[in-house]
Amino acid sequence: MMKKMSIPTSITSLVLFLCQIISALDVPLDSKLLEELSQPPTITQQSPKDYIVDPRENIVIQCEAKGKPPPSFSWTRNGTHFDIDKDAQVTMKPNSGTLVINIMNGGKAEAYEGVYQCTARNERGAAISNNIVIRPSRSPLWTKEKLEPNHVREGDSLVLHCRPPVGLPPPIIFWMDNAFQRLPQSERVSQGLNGDLYFSNVQPEDTREDYICYARFNHTQTIQQKQPISVKVFSTKPVTERQPVLLTPTGSTSTKVELRGNVLLLECIAAGLPTPVIRWIKEGGELPANRTFFENFKKTLKIIDVSEADSGNYKCIARNTLGSVHHVISVTVKAAPYWITAPRNLVLSPGEDGTLICRANGNPKPSISWLANGVPIAIAPEDPSRKVDGDTIIFSHVQERSSAVYQCNASNEYGYLLANAFVNVLAEPPRILTPANKLYQVIADSPALLDCAYFGSPKPEIEWFKGVKGSILRGNEYVFHDNGTLEIPVAQKNSAGTYTCVARNELGKIQNEVQLEIKDPTMIIKQPEYKVIQRYGQVSFECIIKHDSTLLPTVTWLKDNDELPDDERFLVGKDNLTIMNVTDKDDGTYTCIVNTTLDSVSASAVLTVVAAPPTPAIIYARPNPPFDLELTGQLERSIELSWIPGDENNSPITNFVIEYEDALHEPGMWHYQTEVPGTQTTVQLKLSPYVNYSFRVIAVNKIGRSQPSEPSEQYLTKSASPDENPANVQGIGSEPDNLVITWEPLKGFQSNGPGLQYKVSWRQKDVDDEWTSVIVANVSKYIVSGTPTFVPYEIKVQALNDLGYAPEPSEVIGHSGEDLPMVAPGNVQVHVINSTLAKVHWDPVPLKTVRGHLQGYKVYYWKVHSLSRRSRRHVEKKILTFRGNKTFGMLPGLEPYSSYKLNVRVVNGKGEGPASPDKVFKTPEGVPSSPSFLKITNPTLDSLTLEWGSPTHPNGVLISYTLKFQPINSTHELGPLVEIRIPANESSLILKNLNYSTRYKFYFNAQTSVGSGSQITEEAVTIMDEVQPLYPRIRNVTTAAAETYANISWEYEGPDHANFYVEYGVAGSKEDWKKEIVNGSRSFFVLKGLTPGTAYKVRVGAEGLSGFRSSEDVFETGPAMASRQVDIATQGWFIGLMCAVALLILILLIVCFIRRNKGGKYPVKEKEDAHADPEIQPMKEDDGTFGEYSDAEDHKPLKKGSRTPSDRTVKKEDSDDSLVDYGEGVNGQFNEDGSFIGQYSGKKEKEPAEGNESSEAPSPVNAMNSFV
């Protein structure tokens, strides 16, 4: 009997479900429509069911919902109403149901444990959230216990118990030693799922006193440590081998229950010697592929995403050379409820039927219960249209009062599911959402789809008409779609026109017109053809098209279905593709593709390139000019021109260009007339009246154009009335009371005769007025005064001359002058979207008050003051322009937590209208900017002082600062992160109990109630023995390069007596670095023997500093070039100077000769004996410094009369680092320390009284010294 009754019930449910599909309304996703329709609440965001919170931070319980009108929110706690107004620590976010429980200002998280549920309600129903269980996380300390040392015999098994404290959520367990190093694990030693450490057999190396179990509580970011456990292994010889015994699980069988969708973890750990190997099998089946993983050295079997099919017996087998042992785990997979069919929102019209279906599955089978507006349906207000049938609610003949939100709860012992679904009963007249007069364009013989998107409740009926008074469309030539679209499967030319869509239901009727245009298809009437061309020849493919005159085609050429090569040999013309100087790689398929906005066609051809036969050299040249021009068949509007071609010079003439001169209007100016193919020598030319013609012809071949031929005889055509009227006629007012009519005057030969004038006519449009006309001279403008402001005028301009008028001109519409708009936009509203964005709405002004072309609206807005800082500043007004007749706009880039004002003005071609009244709005808080500075001072052994500045842009009320810091070890690895909350009114902090001589990295940011801002970082070091440590570093490596050498300099910070070296190599090369040792502690070095014009990489290092090096620098040597020294021996000033010196020497010799003849003694020889020339010390080979010129005893200064080498230079083989080398080929000099001293000019600074002898090139001053 039960079976018989169940059949019609299921059939009824199926029929009702089908009725729901057929009759339920589909609401289009039209934003304007959705804003206008009423809608019950829908929960859009909520916190998780099991919500574990950090007890140190504020608790945020999310509940967001949407609806029309916007819903209000309320909460229950542990099943009773939660009055948030009575708890000062609890607030609800504006326009939201989200709760914020303030823990950071004195609240305790434990006091707010419980089960919370949110209700969102408006006039059409109430939606509820899940039950949200709030529990603060817990990380308790380890209970104190006395641990005895473990004395274990070698080869025996051992279990070290962890037994961590019970936390929420459970901690992550790991074993480490005193040095914070993880204990190594293997098949012999491993950690179990319960956290215990299992030894299958112990070895002597297991002896240690620091087996430490750690429990990490991730939610609170804390780690708890158990007291160290001591293990001592003693040896007995011989060690007895043992067969496997299971340490966990115990016994031969066990059971395991897991939930569907979870991860199944099964574990077997065995003792034995040798160490047993674990293997897993499933009795009566295979382990699931792609979902099975083995962990912990195969001691753990992991199956992800388990289902009921994974239930069964799983056997683990532990085996070594002495035997085996096994354990069977019986796995049962249960299931919390999961959806088969979740209830869906239902939109109905009054009188319609529908169903809500809620189907879920689970193990055990879940029970289904219904609620209406959050109240169990059994005690909810009765609705005669509603009937509950198990997992289905059936609605019949609904009315608007039937609107409600229904909740379906599916639950079993492992969990529950809760879904909200509303029934929204709407009575709405028809609306057509397709824009009015929308234009559709299709190609002839193609389908045409005309949209008529609509909405109404009850669902409207749609009818289509063609033309203004056409009859309703029916028949096989049309297809009517359910969404209102009209389809014409094969649109013909006669299908074009106006189509009207009518939507009607019992509440009203509405119609909309759309336009259909039929376009001619695009065709290739001359396609490219197969071509065979000789190498280095020229080939051309044609692609001539025919298309609808209103469509703009684009032609694209492809080679082998890819873009043409980027090669200037490929020339794309209007109707062809030409390839010059063809090569073998040009072989392939060439495709011409023609695209318009409505269709696309293509055609292809193959090009084959063959070798060219050897031919004798031919000289190609431009053709010779044509000659013997003759005019025949003279008529008023035409004449025939003939000529004889000149020599084509081995390149065929491709075409002739004909030009003309008008000796009457533009003497001496030649204009293009036409062109004809190269095989044609006569042409019929069209002529204009009142022109004195003469013609000339130019021949063209592949090489170029010939010289023009001699002009033909002149031919004067008779006068006539004008053939055409002026173009580009416009009427635009320059003042509110005038109309300026402009046009493009006819050119000279267009006048067709003498006495060219213009007849200008105008009349006001849509007013029964006669034309007003005036005849003006050959000008281009006429101003009509005394017109009304911005009214339309019909305008025409007609040409005339002494022989008569041109044809009747066409009329154009112009407007008299604009004036400023009269009224301001009204009903200005501002909707603040977020802290930096707002949306402004306004009502459009009446078009009559615009008094001009409506160009749009301007929104002026400016910041009045910040809500967090009342200090006023210069008001900077910003302007946004919204084109066209828009009634809203977005204001981006606002500053958070600020007060703004705005007004709106309408704009026409004249300017802006009056401003609307100022509208005040405020932006909410945002996240702050980073603190303005962070300084770290007063380092001591274990403390640092931090000082900071508040954010430049707080963007709200600061509630706190967050400081995070962590140590950095010598290998730049980061240590554990510590976080500190600091009150907002603090500006400094002393951090104590830090490690000495340790570098710390700090992260600092500020918070408002919205969230955290961007952070600022800094690093600092605690001192060691109260002395700031010096970390060596090499920085600012610079190079100055010449042709074959480079001077390298750097800056060093660190301990004294560092030994440096320079490494270099060719940039981009994988060769090993070349290394040069730097003598002493100098901070410069000269690299020699480099290749000119080559890029090098270089870096500087210090010996004995753990390989400490600078960053790489790259430089490039100069190109090889000739010496830039000037041969002064050829300079006039030098020759004159030498002559003067020679004359002076001659006088001195004469004086000496006279004195010697008088018996006097010349003391030069004695002075030479007393002051022998000092040896020139060579440069030191090891470091490139200069030797000093001095004697061996007292380093006396060099005398003025001392000699130098005869060429006044230091030889290169004696001094490799000579500054002579540095001066050649490079525009610069260097000091002895390698520093750059300026542009090389051949001059020398004044020498010091004492010091090294210069090794520079010869100069006039040195030359004189050598003669004194």
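The model shown is predicted, which means the values in this text are computed figures rather than measured ones.

About the criteria used
- Residues numbered from 1 in each chain as written.
- Predicted model: local features only at pLDDT ≥ 70, side-chain atom pairs only at ≥ 80, totals over all residues.
- Heavy atoms only, no water.
- Helix = DSSP H or I, 4+ residues; strand = E, 2+ residues; numbered from the N terminus.
- Buried < 20%, exposed > 50% of the residue type's maximum accessible area, 1.4 Å probe, protein only.
- Contact = heavy atoms within 4.5 Å.
- Areas by Shrake-Rupley, 256 points an atom, 1.4 Å probe, with all protein chains shown as cover.
- Disulfide = S-S within 2.5 Å.
- Phe/Tyr/Trp six-rings, centres within 6.5 Å; stacked < 30°, edge-to-face > 60°.
- Lys NZ or Arg CZ within 6 Å of the ring centre and 35° of its normal.
- Pairing = 2+ DSSP bridges.
- Axes fitted to C-alpha atoms, helices over the stretch in contact; angles between N-to-C directions.
- Patch = residues over 30% accessible without salt bridge, like charges linked within 9 Å, V, L, I, M, F, W, Y side chains within 5 Å.
- Salt bridge = Lys/Arg side-chain N within 4 Å of Asp/Glu carboxyl O.
- Core = buried A, V, L, I, M, F, W, Y, C linked by side-chain atoms within 4.5 Å.
- Lys, Arg positive; Asp, Glu negative; His and termini not counted.
- Charge placed at Lys NZ, Arg CZ, Asp CG, Glu CD.
- Polar contact = N/O pair within 3.5 Å; in protein donor to acceptor, adjacent residues only side chain to side chain.

**Quick word on the overall build of the chain**
Of the regular secondary structure elements, the chain holds 6 helices and 92 strands. Here the chain holds 1268 residues, and 39% of them are scored as buried. Partitioning the intrachain contacts of the chain with sequence separation of at least 6 by distance along the chain shows that 65% fall at a separation of at least 24. Accessible surface, the chain: about 70500 Å² in total, of which carbon and sulfur atoms supply 51%.

**Notes on the environment of Trp-862**
Residue placement: Trp-862 occurs in strand E74 (residues 856-866). A relative accessible area of 9% places Trp-862 in the buried class. Separated by 15 residues in the primary sequence, Trp-862 and Lys-877 have C-alpha atoms spaced 4.6 Å apart. Beyond its immediate stretch of four places on either side in the chain, Trp-862 contacts Val-875, Glu-876, Lys-877, Ser-899, Tyr-900, Lys-901, Leu-902, Asn-903 and Asp-918.

**Considerations on the state of the cysteines**
Tallying each qualifying case throughout the model produces 6 disulfides. At a sulfur-sulfur separation of 1.9 Å, the disulfide partner of Cys-162 is Cys-213. Handedness here is read from the sign of the S-S torsion; for Cys-162 and Cys-213, about -70 degrees, the answer is left-handed. In this pair, Cys-162 is assigned in the loop between strand E13 (158-160) and strand E14 (172-176) and Cys-213 in strand E17 (residues 208-217), connecting sequence segments 51 residues apart. For the pair Cys-162 and Cys-213, one class covers both residues: buried. Here Cys-358 is linked by a disulfide to Cys-408, with a sulfur-sulfur distance of 1.7 Å. In this structure, the disulfide formed by Cys-358 and Cys-408 twists by about -65 degrees around the S-S bond and is classed as left-handed. Taken together, the positions of Cys-358 in the loop between strand E30 (354-357) and strand E31 (359-363) and Cys-408 in strand E36 (residues 404-412) put the pair 50 residues apart, joining distant regions of the chain.

**So, the packing of aromatic side chains**
Here the distance between the centres and the angle between the planes together describe a pair of aromatic rings. All told, the structure shown has 23 aromatic pairs when counted by the stated rule. Taken together, a centroid distance of 5.5 Å and an interplanar angle of 5 degrees make the contact between Tyr-693 and Phe-695 stacked. You can call Tyr-693 buried: its relative accessible area is 4%. One aromatic cluster is present, built from ring pairs that chain together Phe-174, Phe-180 and Tyr-214. Over the ring of Phe-82 we find Arg-77, and its NZ or CZ is 5.8 Å from the ring centre. Positioned over the ring face of Trp-862 is Lys-877, at 4.3 Å from the centre of the ring.

**Topic: the sheet that holds strand E46 (residues 508-519)**
If you walk across this open sheet you meet the 4 strands as E39-E46-E45-E42, and the pairing is mixed. Whereas interior strands pair on both sides, the edge strands pair on one side only; in this sheet they are strand E39 (438-443) and strand E42 (461-466). For this sheet, the mean inter-axis angle between neighbouring strands, taken without regard to orientation, is 25 degrees. In this sheet, E46 lies alongside E39 in parallel orientation, the contact comprising 6 bridges. Looking at E46, one finds that Ile-443 is bridged to Lys-519.

**Some remarks on the sheet that holds strand E73 (residues 837-843)**
Taken in spatial order, the 3 strands make up an open sheet running E72-E73-E76, and their pairing is antiparallel. Each edge of the sheet is formed by a strand with only one pairing partner; in this case those strands are strand E72 (826-834) and strand E76 (888-891). Put simply, the sheet's adjacent strands are angled 20 degrees from each other on average, direction ignored. Pairing analysis gives 4 bridges linking E73 to E76, with the strands arranged antiparallel. Bridge pairing in E76 links Val-840 to Gly-889.

**Here's the deal with a nonpolar patch on the surface**
On the surface, a nonpolar cluster with roughly 660 Å² of combined accessible area is contributed by Leu-1143, Leu-1146, Ile-1147, Ile-1150, Val-1151, Phe-1153 and Ile-1154. Within the fold, Phe-1153 resides in helix H3 (residues 1132-1157).

**With respect to unusual backbone geometry**
Between Leu-168 and Pro-169 the backbone carries a cis peptide bond, its omega angle lying at -10 degrees. With respect to the helices and strands, Pro-169 occurs in the loop between E13 and E14. With a phi angle near 50 degrees, Asn-581 is a residue other than glycine that sits in the positive phi range. Under the relative-accessibility criterion, Asn-581 is labelled partly exposed at 40%.

**Considerations on the pattern of salt bridges**
Two side chains carrying opposite charge are able to pair once their charged atoms lie near each other. Summed over all chains, the structure comprises 38 salt bridges. For Lys-559, the salt bridge goes to Asp-560, with nearest N and O atoms at 3.2 Å. Connected through salt bridges with shared partners, the residues Asp-177, Arg-208 and Asp-210 form a single ionic network.

**Quick look at the nonpolar core**
With 30 residues, the main nonpolar core has Ile-59, Ile-61, Trp-75, Ile-101, Tyr-116 and Ile-134 as its most contacted residues. For this core, the secondary structure elements donating two or more residues are strand E2 (50-53), strand E3 (59-61), strand E4 (63-68), strand E5 (72-77), strand E8 (99-101), strand E9 (114-122) and strand E11 (132-136). Among the elements that make up this core, the one with the highest residue count is E9 (3 residues). Contacts of Ile-101, omitting those with residues within four sequence positions, involve Asn-58, Ile-59, Ile-61, Gln-89, Val-90, Tyr-112 and Tyr-116.

**Details of the pairing of E9**
The buried count for E9 comes to 7 of 9 residues, which makes it a mostly enclosed element. Sheet topology places E5 next to E9; 6 bridges connect them, and they run antiparallel. Across the sheet, the residue bridging to Ser-74 is Thr-119, located in E9. As paired strands, E9 and E11 are joined by 3 bridges and run antiparallel to one another.

**Notes on the environment of Thr-952**
For Thr-952, the location among the structural elements is in the loop between strand E80 (944-951) and strand E81 (960-968). When its relative accessible area of 46% is taken as the criterion, Thr-952 is described as partly exposed. The spatial distance from the C-alpha of Thr-952 to the C-alpha of Ser-929 is 6.6 Å, given a sequence separation of 23 residues.

**Section: the pairing of strand E56 (residues 600-610)**
Taken together, the 4 bridges between strand E48 (residues 531-534) and E56 define a ladder with parallel strand orientation. Paired with Val-532 across the bridge in E56 is Thr-608. Taken together, the 8 bridges between strand E55 (residues 588-595) and E56 define a ladder with antiparallel strand orientation. Of the residues in E56, the one forming a bridge with Thr-591 is Ser-604. Hairpin remark: E55 followed by E56, antiparallel, with 4 residues in the connecting loop.

**A few points about a negative patch on the surface**
A surface patch of like charges, here negative, comprises Asp-628, Glu-630, Glu-640 and Glu-713. By the element assignment, Glu-640 lies in strand E58 (residues 638-644).

**So, the side chain of Gln-750**
Within the fold, Gln-750 resides in the loop between strand E65 (738-744) and strand E66 (757-764). Judged by relative accessible area, which is 18%, Gln-750 ranks as buried. Looking at Gln-750, its side chain comes within polar contact range of the side chain of Glu-724, at 3.3 Å.

By themselves, these observations are geometric and do not establish any function.
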